[in-house]
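Report on the structure
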Amino acid sequence: MNTGAVFVSDELRIPRDELSFRASRSGGPGGQHVNTSSTRVELMWDVSRSRVLSPKQAERLLTKLSTRMDGDGVLRVVASDHRSQARNRDAAEERLAALVRRALVVPKARRKTRPTKGGVEKRLRTKKVLSNKKKARRERDFD
C-alpha cells in the first residue's frame, strides 16, 4: 500500500505528499505498552488546497464533510485500532479513502411519479371498508 498515492477510485488518487500524519499515545489494547508508545495516528488532508480535486469535487467534499473539517478545510481522520503505528497509519488511509469515496457519490435525482388510477381506486376502496367497519362498531346497541 506504500505507493505514491492513496487510491480512492479509478479517477482519484490522493498523493501522499498532500497528507500529513501525527502520532500520539493511544488508549485501548496494549497494556503497559500503550503508555510508552505513540500508536494513535491522526491523518490530515487539506481538501481546499488539494491539486488533484476538480473545483466541483472540492466543493462537494467541503460541504459533505464539513463536520469532520476544521475552519481551514483540513479533513482529519483518526485511527487507534491497532497496537502498531504502521497498521494505524494504513487504517487511517483506508478510512480517508472510504470517506472521500462516499462523499463524492452524487445521488440520482428523484423522478416525480403519480399513483396509477387502479392504485388510487384500491386505496379508496380500502378506506371505505375500514370506515364502514368502524361505523358499524359505533352504531351497535348493546342494551
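What counts, and where the lines are drawn
Residues numbered from 1 in each chain as written. Predicted model: local features only at pLDDT ≥ 70, side-chain atom pairs only at ≥ 80, totals over all residues. Heavy atoms only, no water. Salt bridge = Lys/Arg side-chain N within 4 Å of Asp/Glu carboxyl O. Helix = DSSP H or I, 4+ residues; strand = E, 2+ residues; numbered from the N terminus. Buried < 20%, exposed > 50% of the residue type's maximum accessible area, 1.4 Å probe, protein only. Polar contact = N/O pair within 3.5 Å; in protein donor to acceptor, adjacent residues only side chain to side chain. Expected span 1.5 Å × (residues − 1). Contact = heavy atoms within 4.5 Å. Pairing = 2+ DSSP bridges. Axes fitted to C-alpha atoms, helices over the stretch in contact; angles between N-to-C directions.

Side note on the pattern of salt bridges
All told, the structure shown has 7 salt bridges when counted by the stated rule. For Glu-42, the salt bridge is made with Arg-22, and the minimal N-O distance between the two is 2.8 Å. Of the two residues, Glu-42 is situated in strand 4 (residues 40-46) and Arg-22 in strand 3 (residues 19-24); the sequence distance between them amounts to 20 residues. A relative accessible area of 45% places Arg-22 in the partly exposed class. Of the charged contacts, one joins Arg-76 and Glu-42 as a salt bridge, the two residues approaching to 3.5 Å between their closest N and O atoms. Here Arg-76 is found in strand 5 (residues 74-79), whereas its partner Glu-42 is found in strand 4, with 34 residues between them in sequence. Classification of Glu-42 by relative accessible area gives buried; the value is 10%. Connected through shared salt-bridge partners, Arg-22, Glu-42, Asp-70 and Arg-76 make up one network.

Some thoughts on the side chain of Arg-16
Structurally, the position occupied by Arg-16 is in the loop between strand 2 (13-15) and strand 3. Arg-16 sits in the buried class, given a relative accessible area of 16%. Reaching out from Arg-16, the side chain makes a polar contact with the side chain of Glu-93 at a distance of 2.7 Å.

Some details on helix 2 (residues 85-103)
End to end, helix 2 covers 27 Å across 19 residues, agreeing with the expected 27 Å (1.5 Å per residue, within 8%). Of all the positions in helix 2, only Asn-88, Ala-91, Ala-92, Glu-93, Leu-96, Ala-97, Leu-99, Val-100 and Ala-103 are classed as buried. Residues of helix 2 that are buried in the fold lie against strand 1 (5-7), strand 2, strand 3, strand 4, helix 1 (55-64) and strand 5. If you check the start of helix 2, you find a side-chain oxygen 3.2 Å away from the backbone N of Ala-86, and it comes from Ser-84.

Regarding the sheet that holds strand 4
Spatially, 3 strands are ordered 3-4-5 in an open sheet, and the strand pairing comes out antiparallel. Looking at which strands have only one partner, the edges of the open sheet turn out to be strand 3 and strand 5. Pairwise comparison of adjacent strand axes, ignoring direction, gives a mean angle of 20° for this sheet. Bridge count between strand 3 and strand 4: 6 bridges; the pairing is antiparallel. By the bridge assignment for strand 4, Leu-19 is matched with Trp-45. Helix 2 rests against strand 3, strand 4 and strand 5 of the sheet, and its axis sits at about 135° to strand 5.

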